[in-house]
Amino acid sequence: MKHGKTQTCILLLFSLFTCNSTAQSLMSMMKQPFNIIESDWERNSNQDLSLVYTNNDFCDYYVYRIDDRSYELHPGKNTIFKIPKGSNFDNPFKNPSSYRFYRGIFVEKFDVKRPYALPVKNGVKTAWKTDIRESKKTLNFFMHQGDTVYSTRGGMACKTSDPRQLLIYHSDHTFAAYLGMDENFIVPGEEVMTGQPIGIAGRWTVSISYFFLDENKFESLQATGYPYSHFMPVFRTDEGDVQMEEKRKYTAVIDDELIMQDMSKREQKRYLKNKNRK
């Protein structure tokens, strides 16, 4: 009887583990929300006819029109073709065309030495281990359930299908996906600063994956398979900016230089001014 109860507990725990990992998996996060990209013909005030693609997310998208070419879609409306009023120009887009789209655009200058913050409070020790629930490189950090999770880099929050998930789009077109949180403080469209509290760690703390849309995984403008590459960042610690060894603890360092590295000069000035007021 005792053996049966033990088996039941193990199965229940496995079920909970599986449900949690499935609900908050990286693969589920990367499924674009419904109607995130829309296309339509519109006329402006001058009666010019334009083919407009609307990006209803807060990060960039790469779109490939079948039998045409690729386009970068920024948040909001993007005009990809215009016919002036009264023009006799032959419309190459008059026939319907399907398209494929991917979150992000190609990274032009990827800086492997750019430092990231650890997802814990300044001065706190942590380590990471590989999250075996994910098929792509994902770091599971040593924390406790209920601990506050901090942003490892500043950027813009994108839309996700699960409100507990957080996807941050950085200025160099890379992403950070935060998985496994019990609570997410950030709403889509919100700008996030490095070191900002962003959520509450869940049962399996928090797992983070860093990645970008990789041009090398496209052939003739189309993706040949999974289109993203995942990477291990350099983290700022009391030992300097290092690529942390797995399961070895380091002390987090979150300083002004790290916080301001993604800010414009105006934003840096405002940040320092506000800090000096406190």
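Residues numbered from 1 in each chain as written. Predicted model: local features only at pLDDT ≥ 70, side-chain atom pairs only at ≥ 80, totals over all residues. Heavy atoms only, no water.

### Observations concerning the overall build of the protein chain
1) Next: Summing up its helical and strand segments, the protein chain has four helices and 24 strands in all.
2) Next: Considering the protein chain as a whole, with its 278 residues, one finds that 45% of them fall into the buried category.
3) Next: Within the protein chain, counting contacts between residues at least 6 apart in sequence, those at least 24 apart form 63% of the total.
4) Next: Looking at the protein chain as shown, the accessible area adds up to about 15500 Å², and 51% of this sits on carbon and sulfur atoms. (Helix = DSSP H or I, 4+ residues; strand = E, 2+ residues; numbered from the N terminus. Buried < 20%, exposed > 50% of the residue type's maximum accessible area, 1.4 Å probe, protein only. Contact = heavy atoms within 4.5 Å. Areas by Shrake-Rupley, 256 points an atom, 1.4 Å probe, with all protein chains shown as cover.)

### Points about the environment of Ser-209
1) Next: The topology assignment puts Ser-209 in strand S18 (residues 206-213).
2) Next: Classification of Ser-209 by relative accessible area gives buried; the value is 0%.
3) Next: Between the C-alpha atom of Ser-209 and that of Asp-131, which follows or precedes it by 78 residues, the distance is 9.6 Å.
4) Next: Excluding residues within four positions of it along the chain, Ser-209 makes contact with Leu-26, Lys-137, Thr-138, Phe-175, Ala-176, Ala-177 and His-230.
5) Next: Polar side-chain contacts of Ser-209 include one of 2.7 Å to the backbone oxygen of Lys-137. (Polar contact = N/O pair within 3.5 Å; in protein donor to acceptor, adjacent residues only side chain to side chain.)

### A word on the packing of aromatic side chains
1) Next: Evaluation of the coordinates by the stated rule reveals 20 aromatic pairs.
2) Next: Pairing Tyr-62 with Phe-106 gives two aromatic rings, centres 4.8 Å apart and planes at 40°, and the pair type is tilted. In this pair, Tyr-62 is assigned in strand S3 (residues 61-65) and Phe-106 in the loop between strand S6 (99-103) and strand S7 (115-116), connecting sequence segments 44 residues apart. Pair check on accessibility: Tyr-62 and Phe-106 agree, each one buried.
3) Next: Measuring from centroid to centroid gives 6.2 Å for Tyr-99 and Phe-101, while their planes differ by 40°, and the two rings are tilted.
4) Next: By relative accessible area, Phe-101 is classed as partly exposed at 25%.
5) Next: Cluster of aromatic residues (ring-pair linked, three or more members): Phe-110, Tyr-116, Phe-141, Tyr-210, Phe-212, Phe-231 and Phe-235.
6) Next: In this arrangement the basic side chain of Lys-136 is found over the ring face of Tyr-226, its NZ or CZ atom lying 4.3 Å from the centre.
7) Next: Residue placement shows Arg-203 over the ring face of Trp-204; its charged tip is 5.5 Å from the ring centre. (Phe/Tyr/Trp six-rings, centres within 6.5 Å; stacked < 30°, edge-to-face > 60°. Lys NZ or Arg CZ within 6 Å of the ring centre and 35° of its normal.)

### Let's talk about the nonpolar core
1) Next: The biggest cluster of nonpolar side chains holds 31 residues, and the ones touching the most others in it are Leu-167 and Phe-211.
2) Next: Mapped onto this core, the elements with two or more residues apiece are helix H2 (26-29), strand S2 (49-55), S3, strand S4 (70-73), strand S5 (76-83), strand S13 (166-169), strand S14 (174-179) and S18.
3) Next: Here the element with the most residues in this core is S3; it accounts for four residues.
4) Next: Ignoring anything within four residues of it in the chain, the contact list for Leu-167 reads Met-29, Met-30, Arg-103, Met-156, Ala-157, Cys-158, Thr-160, Phe-175, Ala-176, Ala-177 and Phe-211.
5) Next: Val-120, Leu-139, Met-181 and Val-206 belong to the second largest nonpolar core, which has 30 residues in total. (Core = buried A, V, L, I, M, F, W, Y, C linked by side-chain atoms within 4.5 Å.)

### Some points on the confidence of the model for the protein chain
1) Next: Of all residues in the protein chain, 89% attain a pLDDT of 70 or more, and the chain-wide mean is 87.
2) Next: A low-confidence stretch, residues 1-22 (pLDDT under 50), is modelled with nine contacts involving residues beyond four sequence positions or located in other chains. (pLDDT = per-residue confidence, 0-100.)

### Overview of the environment of Pro-227
1) Next: Here Pro-227 shows up in the loop between strand S20 (222-223) and strand S21 (228-230).
2) Next: Judged by relative accessible area, which is 9%, Pro-227 ranks as buried.
3) Next: Sequence separation of Pro-227 and Arg-103 is 124 residues, and the distance between their C-alpha atoms is 9.7 Å.
4) Next: With near-sequence residues (within four places) excluded, Pro-227 lies in contact with Tyr-102, Phe-212, Leu-213, Asp-214, Lys-217 and Phe-218.

### Describing unusual backbone geometry
Excluding glycine, a negative phi dihedral is what most residues carry, and trans is how most peptide bonds are arranged.
1) Next: Located in the positive-phi region is Gln-47, a residue other than glycine, with phi close to 70°.
2) Next: As for its position among the elements, Gln-47 is in the loop between strand S1 (37-43) and S2.

### Some words on the sheet that holds strand S15 (residues 181-184)
1) Next: Taken together, three strands build an open sheet; the order of strands is S11-S17-S15 and the sheet is antiparallel. Because the sheet does not close on itself, it has two edges, and the strands there are strand S11 (148-150) and S15. Here the strands of the sheet are splayed against their neighbours by 35° on average, with no regard to which way each runs. (Pairing = 2+ DSSP bridges. Axes fitted to C-alpha atoms, helices over the stretch in contact; angles between N-to-C directions.)

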